[in-house]
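# Architecture at a glance
Here is how the chains run, residue by residue.
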Amino acid sequence: MDSVGVSAAAPDAGPGPAWQSKCPWGAPSTTSISCSLADVMSEQLAKELQLEEENAVFPEAVAVAEGPFITGENIDTSSDLMLAQMLQMEFDREYDAQLRREEKKINGDSKVSISFENYRKVHPYDSDSSEDEVDWQDTRHDPYRADKPTTTPRRGFIGKGKDITTKHDEVVCGRKNTARMENFAPEFQVGDGIGMDLKLSNQVFNALKQHAYSEERRSARLHEKKEHSTAEKAVDPKTRLLLYKMVNSGMLETITGCISTGKESVVFHAYGGNTTEDKVIPPECAIKVFKTTLNEFKNRDKYIKDDYRFKDRFSKLNPRKIIRMWAEKEMHNLTRMQNAGIPCPQVVILKKHVLVMSFIGQDQVPAPKLKDVTLSSEDMKKAYYQILNMMQQLYKECNLVHADLSEYNMLWHDGKVWLIDVSQSVEPTHPHGLEFLFRDCRNVSQFFQKGGVTEALNERELFNAVSGLNITADNEVDFQAEIEALEKMNEDHVQNHGKKLSTFSSDGDPPIYDE
């Protein structure tokens, strides 16, 4: 069977696949379309042919492409919105181009450059991806490190002859110092050196390193001071734990808030809890928290180091115990005053440097200080005689001198005066006890004389009336000189005998100083 017969029989074959109906060895059947040179060069014909090919290969893409585009041919200029968008887009392009020219003009060849990126008008349809826009978080390249890290060989230098470079090279050391700044504390700001070949000299790096360590130690000290000391209207964690225990044990029902702040303590208001058999808790309590910051106590140790009740326990080497001793001192003084019947807060409990007392006031409102209340002439006169009586009781029955008595430490409540803040109170045999008493007499006398109490004694007469010492002096200087002489006599007696004066009688009479 020859090849001609096969080729002739192939067209007569029945229906079948397309690859069977056409012989691959046969000559292709080409149909030539005659066209002129003008048709070949026609742009319209080329566009039509391009669209036919795109429709055959990408029919869906062509359907999408038939949508409205903002081009020069299909713009509907009758819409004001479309015109406004076109004008705005053109203006933004010109504005961005002007910013780029300004950046290039200002930066020049400088290593430190500025950018107007935040001022550009970027639109979603006009943003072009740029190779310069690199997100360092999405790349593994570290801009602070070199692409190929250079290692110093064991012999300490590289190169030969004139090109030798040792490990002490200025450029190499400068770059290493710049890389070492990453080891500083996170809170120490070292700046951003991306794209800059920074070289820090050893002198600059050592100064920065020393400053970073100093700042770290200072921050640690401040944090420790904040955690271990009471602040203004706040308490440290240890004090807070003491207050929580008081509330959880049922001694206090709740702590409402701060009612007073001072140099050495903070006072809070609280509602009393359950009353037990051995302890009566008032409905409202005042919590006095002595500040554990030692700044205010450095100049006040004279009130306690010479007090014979605490002299053996006083230690300069452990100042935190002084603060607890200060709170204990106030508790003992208040107990003496309460036993003598002097109006003062009632002690509930003492826990370290936290003293719980009865609240002088009502419904969370503290009683006003004597300096803040306006009294009538009768009440003023009544308050004066009451204070005079309390000073005598305090000196004779309690064997105490307030040492800080003034209108700031006296409250007016229920028509009478209440004494507070007796942590600095000392005994009359204190080396400065009579000086403190004379100062209290001066404060009381001046306040009531200014208040219009004509019966108010002057400070020398009031001192003699309270202490029972008939010191006769024409002026204040001689009066204070005699007081200092009596204190000196008392101090010599204590040093010789090792105990306080035995001139105190059991019934609380004032001491008798024999000249």
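We now turn to the structure provided with this report. (Residues numbered from 1 in each chain as written. Predicted model: local features only at pLDDT ≥ 70, side-chain atom pairs only at ≥ 80, totals over all residues. Heavy atoms only, no water.)

### So, the overall build of the protein chain
What the protein chain contains, in helices and strands, is 15 helices and 11 strands. When the 515 residues of the protein chain are sorted by exposure, 32% land in the buried category. In the structure as shown, the protein chain presents an accessible area of about 34900 Å², 51% of it carried by carbon and sulfur atoms. (Helix = DSSP H or I, 4+ residues; strand = E, 2+ residues; numbered from the N terminus. Buried < 20%, exposed > 50% of the residue type's maximum accessible area, 1.4 Å probe, protein only. Areas by Shrake-Rupley, 256 points an atom, 1.4 Å probe, with all protein chains shown as cover.)

### Thoughts on a nonpolar patch on the surface
Taken together, the side chains of Phe91, Tyr95 and Tyr119 define a hydrophobic patch exposed on the protein surface, amounting to about 330 Å² of accessible area. Examined against the element boundaries, tyrosine 119 turns out to sit in the loop between helix H6 (80–107) and strand E1 (157–158). (Patch = residues over 30% accessible without salt bridge, like charges linked within 9 Å, V, L, I, M, F, W, Y side chains within 5 Å. Salt bridge = Lys/Arg side-chain N within 4 Å of Asp/Glu carboxyl O.)

### Describing the packing of helix H13 (residues 433–450) against helix H14 (residues 459–467)
Following both chains from N to C, one finds H13 and H14 inclined at 125 degrees, their axes separated by 8 Å at the closest point. Between H13 and H14, the angle is such that the two are oblique. For the element pair H13 and H14, the recorded crossing hand is right-handed. Within the contact between the two elements, H13 uses Leu434, Leu437, Phe438, Cys441, Arg442, Val444 and Ser445 and H14 uses Glu459, Arg460, Leu462, Phe463, Val466 and Ser467. Tallied by class, the residues present in the contact of H13 with H14 amount to 8 nonpolar, 2 polar and 3 charged. (Axes fitted to C-alpha atoms, helices over the stretch in contact; angles between N-to-C directions. Parallel < 35°, antiparallel > 145°, perpendicular 65-115°, else oblique. Left-handed = near helix turned anticlockwise from the far one by under 90°. Contact = heavy atoms within 4.5 Å. Nonpolar A, V, L, I, M, F, W, Y, C, P; charged D, E, K, R; others polar.)

### Considering a negative patch on the surface
On the surface, Glu48, Glu52, Glu53 and Glu54 cluster together to form a negatively charged patch. When you line up the elements, glutamate 48 lands in helix H4 (residues 43–57). (Lys, Arg positive; Asp, Glu negative; His and termini not counted. Charge placed at Lys NZ, Arg CZ, Asp CG, Glu CD.)

### Topic: the sheet that holds strand E5 (residues 284–290)
The strands making up a sheet are joined through hydrogen bonds of the backbone, oriented either antiparallel or parallel. Taken in spatial order, the 5 strands of this open sheet run E3-E4-E5-E7-E6, and their pairing is antiparallel. The two strands at the open ends of the sheet, each matched to only one other strand, are strand E3 (252–261) and strand E6 (347–351). Taken over all neighbouring pairs, the strand axes of this sheet differ in orientation by 25 degrees on average, direction set aside. In terms of strand pairing, strand E4 (residues 265–272) meets E5 through 7 bridges, oriented antiparallel. Counted as the bridge partner of histidine 269 is alanine 286 from E5. (Pairing = 2+ DSSP bridges.)

### Some thoughts on the state of the cysteines
A complete count under the given rule lists 0 disulfides for this structure. No disulfide involves cysteine 398; its nearest neighbouring cysteine sulfur is the one of cysteine 344, lying 8.2 Å away. Under the relative-accessibility criterion, cysteine 398 is labelled buried at 2%. (Disulfide = S-S within 2.5 Å.)

### Digging into a positive patch on the surface
The grouping of Lys238, Lys245, Lys321, Arg324, Lys351 and Lys352 at the surface amounts to a positive patch. Secondary structure elements with two or more residues in the positive patch: helix H9 (237–248) and helix H11 (319–339). Positionally, lysine 238 belongs in helix H9.

### Here we look at the environment of glutamine 88
Assignment of secondary structure puts glutamine 88 in helix H6. With a relative accessible area of 40%, glutamine 88 lands in the partly exposed category. Between the C-alpha atom of glutamine 88 and that of lysine 121, which follows or precedes it by 33 residues, the distance is 9.9 Å.

### Re the side chain of histidine 413
Here histidine 413 shows up in strand E10 (residues 410–413). Residues within four places of histidine 413 in sequence aside, it is in contact with Ile360, Gly361, Ala367 and Trp418.

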